[in-house]
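Here is what each chain is made of, one letter per residue.
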Amino acid sequence: MTELLYWLDIFGVIVFAFSGALMAGRYQLDPFGVVVLSAVTAIGGGTIRDVILGTKVFWVKDPLYLYVILATAALTILLVRCPKRIPKRFLLIADAFGLALFAVLGTQKAMYLGAPIPVAIVMGMITGVAGGMIRDVLCNVIPMILQQEIYATAAILGGSMYVLFNYLGWSENVATVCAILGALKLRLAAIYWQVSLPAFEIVDKDGK
Amino acid sequence: MTELLYWLDIFGVIVFAFSGALMAGRYQLDPFGVVVLSAVTAIGGGTIRDVILGTKVFWVKDPLYLYVILATAALTILLVRCPKRIPKRFLLIADAFGLALFAVLGTQKAMYLGAPIPVAIVMGMITGVAGGMIRDVLCNVIPMILQQEIYATAAILGGSMYVLFNYLGWSENVATVCAILGALKLRLAAIYWQVSLPAFEIVDKDGK
Amino acid sequence: MTELLYWLDIFGVIVFAFSGALMAGRYQLDPFGVVVLSAVTAIGGGTIRDVILGTKVFWVKDPLYLYVILATAALTILLVRCPKRIPKRFLLIADAFGLALFAVLGTQKAMYLGAPIPVAIVMGMITGVAGGMIRDVLCNVIPMILQQEIYATAAILGGSMYVLFNYLGWSENVATVCAILGALKLRLAAIYWQVSLPAFEIVDKDGK
């Protein structure tokens, strides 16, 4: 992993930890509860990716990630003391950054470890969406992936763009950053203009 | 794995992917959201089994499974265009097929990898029920395993029958198919006649 | 693992299996459904710990754990026949015992396997809280970790105390038992007097 990619990874952990802490704020958790929810959001996806790929889990190898989460959660608690000013959109945007970063970095790690391309894209998606999914399931809110807006699609796009740029022979850093920006733009556009693909809709006979 | 068992496994993936896609249809997901929910349902259980057994995850080794899920989800979206005609029972029946197939095939794989018999039966149960459980948890519906009807019991029966037939020296294919049919019959009977074992009931003092 | 620690581990499995069975009783599950919920609660956390650490999952190596769960669930079903007398507090107390035991034993196992200290404490926390979390998520109740009372904090305290005592050179058994009692006392105090740390509170603009 190049220097740049490492810091992008840390940045992804920070934004996801922040989104977890913000969500925790809606539940009046004590500080350690906030840290737990931050951690689950920030490293849940990458953990599942590493476990499925059978490689050593990244934060077991490098505990810096845990300190970053602790610091992020602590800063969120300390600085967000006037929390009524934080609109829900902030959580969505932090989540979008994490989604785009992790989808591309996850795809990259899987390819680096020799996974076939479709598997690598799925790994990227898992890295990007699983942490937020667990956060939402624990908090008993409907996971973002079940909302109508583009979500999984953005993660798949990011991973696919990385695969394409990589195939085209772009340098590692450029390919990664461009793929991240692509996924991020799609997801942010979906949030701002509520863009969505045509839905697959089944209305149940008995209205359930 | 014999040829027959491989195709049974693929068939299990198809019916579970179909059940995931049908469930997704209740949430107006975009096409990629449907694919994600199909995938989680179809390969969630087997993934957990392989991770716990410490063997290479099956779909990382053989990406054909991912293509099968993609195709199943796409076909479901394209063909189920008049979705009001799909009663909830269809989802239950697809789920029952997946449950029976995966419970037996999961037990078999675990035994093949040298797990002790009780562990193998538990692995079969995990393979059969975990995917559907994750699907239900993500969709915020009460998991089928928490319903009164026979569910986990059918999975355990399937695995146990396979162990028994195997012990009796039946051929691999015959033992597998008979165990699958046994589990399937029990689960379908439970759906049609709403059979259930006597419940273990605790009514809480304060009515919670 | 010393003899004492092994039996403490079994005892943790029993109390968590009991808490899972009690929770199952609220849902009129059939006996096998009760067993499944007991098992998920009792071995879910340790399974995640072992998978993340990349070591062989404990109950795959030693199926005795499965028999203990089976026996606990069966005894709960048979003996708790007048269930209206079981107040919700019983479930909380059983859960507290499991939490304290597993948090310390999980930290210890991770350190024994060579994990860095912060990772070991996180592993202890996962071992202590994950099983109960999965139980609560499956049953669609808000996980205890999202309640205001001290919960994750008790698990982290237990793990940290073990690390400290270990560093101070206390004997394995004494360090473990003292750390367990510390975590247990904190959690029980939180239940009885509803103690909680000052909450990190965000009230959303639109009241969500």
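Residues numbered from 1 in each chain as written. Chains lettered and ligands numbered in written order. Predicted model: local features only at pLDDT ≥ 70, side-chain atom pairs only at ≥ 80, totals over all residues. Heavy atoms only, no water.

*Asks:* Just checking my understanding: could you explain the overall build of chain A for this structure?
*Replies:* Across its full length, chain A carries eight helices and zero strands. Along its sequence from the N terminus, chain A presents helices and strands in the succession α-α-α-α-α-α-α-α. For chain A, buried positions account for 60% of its 208 residues. Nonlocal contacts in chain A, meaning residues at least 24 apart in sequence, comprise 75% of its contacts between residues at least 6 apart. (Helix = DSSP H or I, 4+ residues; strand = E, 2+ residues; numbered from the N terminus. Buried < 20%, exposed > 50% of the residue type's maximum accessible area, 1.4 Å probe, protein only. Contact = heavy atoms within 4.5 Å.)

*Asks:* Is there a simple way to explain the pattern of salt bridges in this structure?
*Replies:* Residue and element names in this part refer to chain A. A full pass over the atoms with the stated rule returns 12 salt bridges over all chains. When the shortest N-O distance is used, the salt bridge between aspartate 50 and arginine 49 registers 2.9 Å. When sorted by exposure, aspartate 50 lands in the same class as arginine 49, which is buried. Note that aspartate 50 and lysine 109 form a salt bridge whose closest N and O atoms lie 3.2 Å from each other. With aspartate 50 in helix α2 (residues 31-53) and lysine 109 in helix α5 (residues 88-112), the pair connects residues that are 59 residues apart, well separated along the chain. (Salt bridge = Lys/Arg side-chain N within 4 Å of Asp/Glu carboxyl O.)

*Asks:* Got a minute to help me understand empty space enclosed by the protein in this structure?
*Replies:* Using a probe with the size of a water molecule, rolled over the atoms, empty space left in the structure can be pinpointed. If you walk through the whole model with that rule in mind, you get six cavities of 30 Å³ or more. What the largest cavity holds in volume is close to 130 Å³. In this structure, the largest cavity is lined by 19 residues; those nearest its centre are Val137 and Asn140 of chain A, Asn140 of chain B together with Val137 and Asn140 of chain C. When contributions to the lining of the largest cavity are tallied by element, the ones reaching two or more residues are α6 (117-138) of chain A, α6 (117-138) of chain B together with α6 (117-138) of chain C. Taken as a whole, the second largest cavity spans an internal volume of roughly 50 Å³. Lining the second largest cavity are Asp9, Val13, Ala42, Ile43, Gly46, Arg49, Phe58, Phe102 and Thr127 of chain A. If you list the elements that add at least two residues to the lining of the second largest cavity, you get α1 (3-25) and α2 of chain A. (1 Å grid on protein atoms, 1.4 Å probe; cavity = no way out; pocket = protein on both sides within 12 Å on 5 of 7 lines; lining within 4 Å. Points joined across faces, edges and corners; volume = space filled by probe spheres on them.)

*Asks:* Which parts of the structure should I look at to understand a nonpolar patch on the surface?
*Replies:* Together, Leu164, Tyr167, Leu168, Trp170 and Val174 of chain A give the surface a local cluster of nonpolar side chains, amounting to about 550 Å² of exposed area. Relative accessible area serves as the criterion here: at 36%, tryptophan 170 of chain A is assigned to the partly exposed category. (Patch = residues over 30% accessible without salt bridge, like charges linked within 9 Å, V, L, I, M, F, W, Y side chains within 5 Å. Areas by Shrake-Rupley, 256 points an atom, 1.4 Å probe, with all protein chains shown as cover.)

*Asks:* Quick question: what am I supposed to make of the UniProt feature "transmembrane region" (unreviewed entry) in chain A here?
*Replies:* Residue and element names in this part refer to chain A. What UniProt calls "transmembrane region" (unreviewed entry) maps, in this numbering, to residues 6-25, 32-52, 64-83, 117-138 and 150-168. Helix makes up 100% of residues 32-52 and strand 0%, whereas the separation of the span's terminal C-alpha atoms amounts to 28 Å. Structurally, residues 117-138 comprises 100% helix and 0% strand, and the distance from its first C-alpha atom to its last is 31 Å. (UniProt positions renumbered as here; feature names shortened; annotations may be inferred.)

*Asks:* Honestly, the nonpolar core in this entry has me stumped. Any pointers?
*Replies:* In this structure, Trp59 and Met123 of chain A, Trp59 and Met123 of chain B together with Trp59 and Met123 of chain C are the most contacted members of the largest nonpolar core, which totals 238 residues. Ignoring any residue separated from it by four or fewer positions in sequence, one finds methionine 123 of chain C in contact with Trp59 and Val60 of chain A together with Arg49, Ile52, Leu53, Gly106 and Ala110 of chain C. (Core = buried A, V, L, I, M, F, W, Y, C linked by side-chain atoms within 4.5 Å.)

*Asks:* Is there a simple way to think about the side chain of aspartate 136 of chain B in this case?
*Replies:* All names here are of chain B. Mapped onto the elements of the fold, aspartate 136 is located in helix α6. At 3.0 Å, the side chain of aspartate 136 forms a polar contact with the side chain of arginine 135. What aspartate 136 contacts, discounting residues up to four positions off in sequence, is Met23, Val141, Ile142, Pro143 and Met144. (Polar contact = N/O pair within 3.5 Å; in protein donor to acceptor, adjacent residues only side chain to side chain.)

*Asks:* Looking at this model, I keep getting lost on the packing of helix α2 (residues 31-53) of chain C against α6 of chain C. Mind explaining?
*Replies:* Packed helix pairs are characterised by how far apart their axes lie and by the angle those axes make with each other. All names here are of chain C. Direction vectors running N to C along α2 and α6 enclose 140 degrees, while the axes themselves pass 7 Å from each other. Taken as axis vectors, α2 and α6 run oblique relative to one another. Where α2 crosses over α6, the handedness of that crossing is right-handed. Note on element contacts: α6 touches α2 through Met123, Ile126, Thr127, Ala130, Gly131, Gly132, Ile134, Arg135 and Leu138, opposite Leu37, Val40, Thr41, Gly44, Gly45, Gly46, Ile48, Arg49, Ile52 and Leu53. (Axes fitted to C-alpha atoms, helices over the stretch in contact; angles between N-to-C directions. Parallel < 35°, antiparallel > 145°, perpendicular 65-115°, else oblique. Left-handed = near helix turned anticlockwise from the far one by under 90°.)

*Asks:* Is there a simple way to think about α6 of chain A in this case?
*Replies:* Three- or four-residue spacings in an α-helix give side chains the same orientation, since the helix completes a turn every 3.6 residues. All names here are of chain A. Between its first and last C-alpha, α6 extends 31 Å over 22 residues, near the 32 Å set by a 1.5 Å rise per residue. In α6, a bend of some 35 degrees at valine 129 exceeds every other bend along the element. With 19 of 22 residues buried, α6 is to be regarded as a mostly interior element. Phi turns positive, to about 60 degrees, at asparagine 140, one or two residues after α6. (Expected span 1.5 Å × (residues − 1). Bend = angle between axes of the 7 residues up to and from the residue.)

*Asks:* Got a minute to help me understand the packing of aromatic side chains in this structure?
*Replies:* In this description, an aromatic ring pair is defined by two values, namely the gap between the centres and the angle between the planes. Residues and elements named next belong to chain A. Counted according to the given criterion, the structure contains 18 aromatic pairs over all chains. A ring pair is formed by tyrosine 6 and tryptophan 7, whose centres lie 5.3 Å apart and whose planes are at 70 degrees; its orientation type is edge-to-face. What makes tryptophan 7 partly exposed here is its relative accessible area of 47%. Ring centres of phenylalanine 165 and tryptophan 170 lie 4.2 Å apart, and the angle between their planes is 5 degrees; this geometry places the pair in the stacked category. (Phe/Tyr/Trp six-rings, centres within 6.5 Å; stacked < 30°, edge-to-face > 60°.)

*Asks:* What am I meant to see in helix α5 (residues 88-112) of chain B here?
*Replies:* With 25 residues, α5 of chain B ought to run about 36 Å at 1.5 Å a step, and its terminal C-alpha atoms sit 36 Å apart, in line with that. Backbone geometry just after α5 of chain B places glycine 114 of chain B at a positive phi near 90 degrees.

*Asks:* Looking at this structure, how should I read unusual backbone geometry?
*Replies:* Most peptide bonds take the trans configuration, and most residues that are not glycine carry a negative phi. Residue and element names in this part refer to chain A. A positive phi angle, close to 60 degrees, is found at asparagine 140, a residue other than glycine. Its place among the elements puts asparagine 140 in the loop between α6 and α7 (152-167). Overall, the relative accessible area of 29% leaves asparagine 140 in the partly exposed class.

*Asks:* Help me understand the environment of alanine 179 of chain B, please; the structure alone is not making it clear to me.
*Replies:* All names here are of chain B. Tracing the sequence through the fold places alanine 179 in helix α8 (residues 172-193). Its relative accessible area of 0% is what places alanine 179 among the buried residues. Note: C-alpha distance between alanine 179 and leucine 101 (78 residues apart in sequence) is 8.8 Å. Among residues more than four places away in sequence, those in contact with alanine 179 are Val104, Gly158, Met161, Tyr162 and Phe165.

*Asks:* Please explain the environment of proline 116 of chain A as it appears in this structure.
*Replies:* As for its placement among the helices and strands, proline 116 of chain A is situated in the loop between α5 and α6. Those residues within four positions of proline 116 of chain A in sequence are excluded, and the remaining contacts are Val60 and Pro63 of chain B.

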